[in-house]
Amino acid sequence: MVFKSTAEVVIIGGGVMGTSTAYYLAKCGVKDVVLLEKRYLASGPTGKSAAHIRPYHGVEETIKIIQRTIQVYLNFSEMVGGDAEFRNTGRIWAEPESKRKLLEDAVALSRRGGIKAEYLSTKDLEEMMPGVATEGLAVAVLFPEAGYSNPGLVTASFAARAREMGVEIYEETEVTGIDVSGGRVRSVTSSRGAVSAPIVLNAAGIWSPQIGQMVGIDIPIKPTRGQGVVFRLPWELPSFTPIFHDGRSQYIFRCEPGNLVNLINTLEKVDAEILDPDTMPEDASEETLANALERGPETFPALKMASYRGGYSCAYDVTPDDSPIMEESEDVSGFFNMVGWSGLGMTQAPAAGELMAELITTGKTTLVDVSIYSSRRFKENRPLASAWLFGEIGFN
Ligand SMILES: Cc1cc2nc3c(=O)[nH]c(=O)nc-3n(C[C@H](O)[C@H](O)[C@H](O)COP(=O)(O)OP(=O)(O)OC[C@H]3O[C@@H](n4cnc5c(N)ncnc54)[C@H](O)[C@@H]3O)c2cc1C
């Protein structure tokens, strides 16, 4: 394969963010794009993701991004082409009385952003969630458009459409340096050769601080462990369809074909260890498994009879306020960041790619004003006001 030595845009990272931006750039006419991925597409956290759409958030602009993303997943074959394997299961979030206001405020914010949400009676909840213990839950909401996708397939579909339009994607190609002169990016050096380009996009997720260092900027991201465990229920026991977020334990339950139950603790990463992205463990820790064995059956008693099928672990790229960074660097012209998804990248990826393509090509954005996601907010100590929600309900 001949390696291209010039491009209009170089994208670093072949996760869902890099590939979605490549697709939207090509779609809006910028086809001279090179994407460099050091391993293979979706080899990082994207490929390990639970890929739930979480339809609530503490930042109004982020809700609009999520709403747009939901529309793309629901209509993926028409809007992008290919398959996202999006399972539109709906998602139920239930909380005890003490957290009623938190949930109601979040629902109001989601609805303002165009996301559908329906309050459920206890009877509705019991009917929709057979086998789930509902004692102590005072308020429950169904988000009917939510669900989960296949993150590898989403990434592969974006990449395939981008390639069809002319984007060159090189896997097993590691970026090792970026040349900056006169305050501008000039070229990218990689294990396969150099590419000169006036625009470079850092979509390297948990590795993005290393890419930032190549142009002399600090990117405030901590690679922080996220974990899940999987059980198989005996065949004769009932399971349920919607993803279930139980506010009592902050566990998320997802029943899958084959009677599998996928369990993620949304708060786990708050106190979790910071990882080296290149040596992070791929399995869930013993502590995570022990917690899931203890707390999972409190919500879903059938789990006492389930067998453990394995655990998984990878890292979230967490910023100080759990919101992403989308920007052109103020210090280096032509250097863009789309990083720091803090556990919600799959929930935002298609719309985020669309926004970044628009920012790169026009300097502004329509769906939301992405300047609120500039990293300047950390230098000025003005974090986005999402902590009230994340501190209480965690991530995913
Ligand atoms: C266990 C787990 C569960 C999750 N569950 C959910 C969920 O339910 N819902 C949700 O919305 N989100 C979830 N997420 C988060 C979501 O998966 C991420 O936010 C998203 O995948 C980030 O995508 P990305 O493209 O930014 O990064 P990545 O997937 O990390 O992609 C970055 C790519 O850059 C490449 N790269 C790095 N350095 C270089 C270099 N020097 N040269 C070339 N390439 C390089 C890497 O190899 C990697 O492939 C979860 C994440 C984890 C870990």
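Residues numbered from 1 in each chain as written. Predicted model: local features only at pLDDT ≥ 70, side-chain atom pairs only at ≥ 80, totals over all residues. Heavy atoms only, no water.

1. So, the nonpolar core
Stated precisely, the cut-off is as follows: Within this scheme, the nonpolar core is defined by two criteria: the residues are buried Ala, Val, Leu, Ile, Met, Phe, Trp, Tyr or Cys, and they are joined through side-chain atoms within 4.5 Å. To sort residues, take the accessible area from a 1.4 Å probe on protein chains only and compare it with the maximum for the residue type: under 20% means buried, over 50% means exposed, and anything in between is partly exposed. The secondary structure listing takes helices from DSSP runs of H or I that are at least 4 residues long and strands from runs of E that are at least 2 residues long, numbered from the N terminus. Residue ranges assigned to each domain were obtained from an automatic or database domain assignment. In this description, contact between two residues means that some pair of their heavy atoms is separated by no more than 4.5 Å.
Counting residues in each nonpolar core, the largest one holds 65 residues, and the members touching the most others are Ile-11, Tyr-73, Phe-143, Met-326 and Met-338. No other element matches helix H10 (residues 349-362), which puts eight residues into this core. When residues of this core are assigned to domains, at least three fall in each of domain 1 (9-49 + 151-221 + 324-393) and domain 2 (97-147 + 222-318). Once residues lying within four places of it in the same chain are set aside, the contact partners of Met-338 are Met-17, Thr-21, Leu-201, Asn-202, Ala-203, Ile-325, Met-326, Ala-352, Gly-353 and Met-356.

2. Section: the packing of aromatic side chains
Basically, it comes down to this: To pair, rings of Phe, Tyr and Trp, with the six-membered ring standing in for Trp, must have centres within 6.5 Å; the planes then decide the type, stacked if under 30 degrees apart, edge-to-face if over 60, and tilted in the middle. Any Lys NZ or Arg CZ found within 6 Å of a ring centre and within 35 degrees of that ring's normal is scored as a charge over the ring.
Across all of its chains, the model carries 13 aromatic pairs by this definition. Put simply, the rings of Tyr-23, Tyr-24, Tyr-73, Phe-76, Phe-86 and Phe-158 pair up and form one aromatic cluster. Here the basic side chain of Arg-254 rests over the ring of Tyr-148, its NZ or CZ set 3.6 Å away from the ring centre.

3. So, unusual backbone geometry
Although it is not a glycine, Ala-51 sits at a positive phi angle of roughly 60 degrees. Position of Ala-51 relative to the elements: it lies in the loop between helix H2 (45-48) and helix H3 (60-74). Accessibility expressed as a relative area gives 3% for Ala-51, which makes it buried. Unusually for a residue other than glycine, Glu-85 sits at a positive phi of about 45 degrees. As for its position among the elements, Glu-85 is in the loop between helix H4 (76-79) and strand S3 (91-95).

4. Digging into the sheet that holds strand S7 (residues 175-181)
To be explicit about the condition: Note on pairing: two strands pair once DSSP finds at least 2 bridges between them. Angles here are taken between N-to-C directions and fall from 0 to 180 degrees, while the axes themselves are lines fitted to C-alpha atoms, restricted in helices to the stretch in contact.
If you walk across this open sheet you meet the three strands as S7-S8-S9, and the pairing is antiparallel. With partners counted over all chains shown, the strands left at the sheet margins are S7 and strand S9 (193-196), one partner each. Pairwise comparison of adjacent strand axes, ignoring direction, gives a mean angle of 20 degrees for this sheet.

5. Quick word on the pattern of salt bridges
As a reminder, the rule being used: Salt bridges are defined as contacts in which a side-chain nitrogen from Lys or Arg sits within 4 Å of a carboxyl oxygen from Asp or Glu.
Counting across every chain of the model gives 18 salt bridges. With a shortest N-O distance of 2.7 Å, Arg-68 and Glu-354 are connected by a salt bridge. A residue pair is termed long-range when its members are at least 10 positions apart, and Arg-68 in helix H3 and Glu-354 in helix H10 qualify at 286 residues. Exposure remark for Arg-68: the relative accessible area of 25% places this residue in the partly exposed category. A relative accessible area of 24% means that Glu-354 is categorised as partly exposed. A salt bridge links Lys-101 to Asp-105, with the shortest nitrogen-to-oxygen separation between them at 2.6 Å. Remark: Asp-105 and Lys-101 occur in helix H5 (residues 100-112); sequence separation between them is four residues, near one turn of the helix.

6. Points about the packing of helix H1 (residues 16-27) against H10
Let me state the cut-off plainly: Each angle is binned into one of four classes, with values under 35 degrees roughly parallel, values over 145 roughly antiparallel, values of 65 to 115 roughly perpendicular, and all other values oblique. Handedness of a helix crossing follows the sense of rotation of the near helix relative to the far helix, less than a right angle counterclockwise being left-handed and clockwise being right-handed.
One way to put it is that H1 packs onto H10 with a least axis distance of 8 Å and a crossing angle of 55 degrees. The angle between the axes of H1 and H10 places the two elements in the oblique class. Relative to H10, the crossing made by H1 is right-handed. Each of Val-16, Met-17, Ser-20, Thr-21, Tyr-24 and Leu-25 in H1 lies in contact with H10, whose residues at this interface are Ala-349, Pro-350, Ala-352, Gly-353, Glu-354, Met-356, Ala-357, Ile-360 and Thr-361.

7. A look at the layout of surface pockets
Put simply, the rule is: A cavity here means a set of 1 Å grid points, computed over protein atoms only, where a 1.4 Å probe fits but cannot escape. A pocket is an open set with protein on both sides within 12 Å along at least 5 of 7 lines, and lining residues have an atom within 4 Å of a point. Grid points are joined across faces, edges and corners, and a volume is the space filled by probe spheres set on the points. Nonpolar residues are Ala, Val, Leu, Ile, Met, Phe, Trp, Tyr, Cys and Pro. Charged residues are Asp, Glu, Lys and Arg, and all others, Gly as well, are polar.
Each pocket or cavity is described by its volume, and for the largest pocket that value is around 800 Å³. For the largest pocket, the lining is made up of 47 residues, of which Gly-44, Pro-45, Thr-46, Gly-205 and Ala-315 are closest to its centre. Of all the secondary-structure elements, those providing two or more residues to the lining of the largest pocket are H1, H2, helix H8 (208-214), strand S11 (222-232) and strand S15 (307-318). Among the elements that line the lining of the largest pocket, the one with the most residues is S15, at five residues. Across the lining of the largest pocket, the residue classes break down as 23 nonpolar, 18 polar and six charged. Each of domain 1 (9-49 + 151-221 + 324-393) and domain 2 (97-147 + 222-318) gives at least three residues to the lining of the largest pocket.

8. So, the site of the ligand
The following threshold applies: When at least one non-hydrogen atom of a residue lies within 4 Å of a molecule or strand, that residue is treated as near it. Each polar contact in these results corresponds to two N or O atoms within 3.5 Å; when the atoms are within protein, one needs to be able to donate a hydrogen and the other to accept it, and residues that are neighboring in sequence are counted only if both atoms are side-chain atoms. With residues, only the protein chains shown are counted as cover, and all accessible areas are computed by Shrake-Rupley using a 1.4 Å probe. Any molecule with more than half of its atoms within 2 Å of a cavity's or pocket's grid points is regarded as sitting in that cavity or pocket.
Lining the immediate environment of the ligand, one finds 38 residues, of which Glu-37, Thr-46, His-52, Val-175 and Thr-347 sit closest. In the model, an oxygen atom of the ligand is placed 2.7 Å from a nitrogen or oxygen of the Glu-37 side chain. At a separation of 3.0 Å, a nitrogen atom of the ligand approaches a polar backbone atom of Lys-38. Summarising the interface, the protein chains cover 99% of the accessible area of the ligand, which totals 1000 Å² for the free molecule. Cavity membership is defined here by more than half of the atoms lying within 2 Å of grid points; on that basis the ligand lies in the largest pocket. Elements supplying a minimum of two residues to the shell around the ligand: H1, H2 and S15. For the shell around the ligand, the element with the highest residue contribution is S15, accounting for four residues. Of the residues that constitute the shell around the ligand, the class distribution is 19 nonpolar, 15 polar and four charged. Built from parts of two domains, the shell around the ligand gets at least three residues from each of domain 1 (9-49 + 151-221 + 324-393) and domain 2 (97-147 + 222-318).

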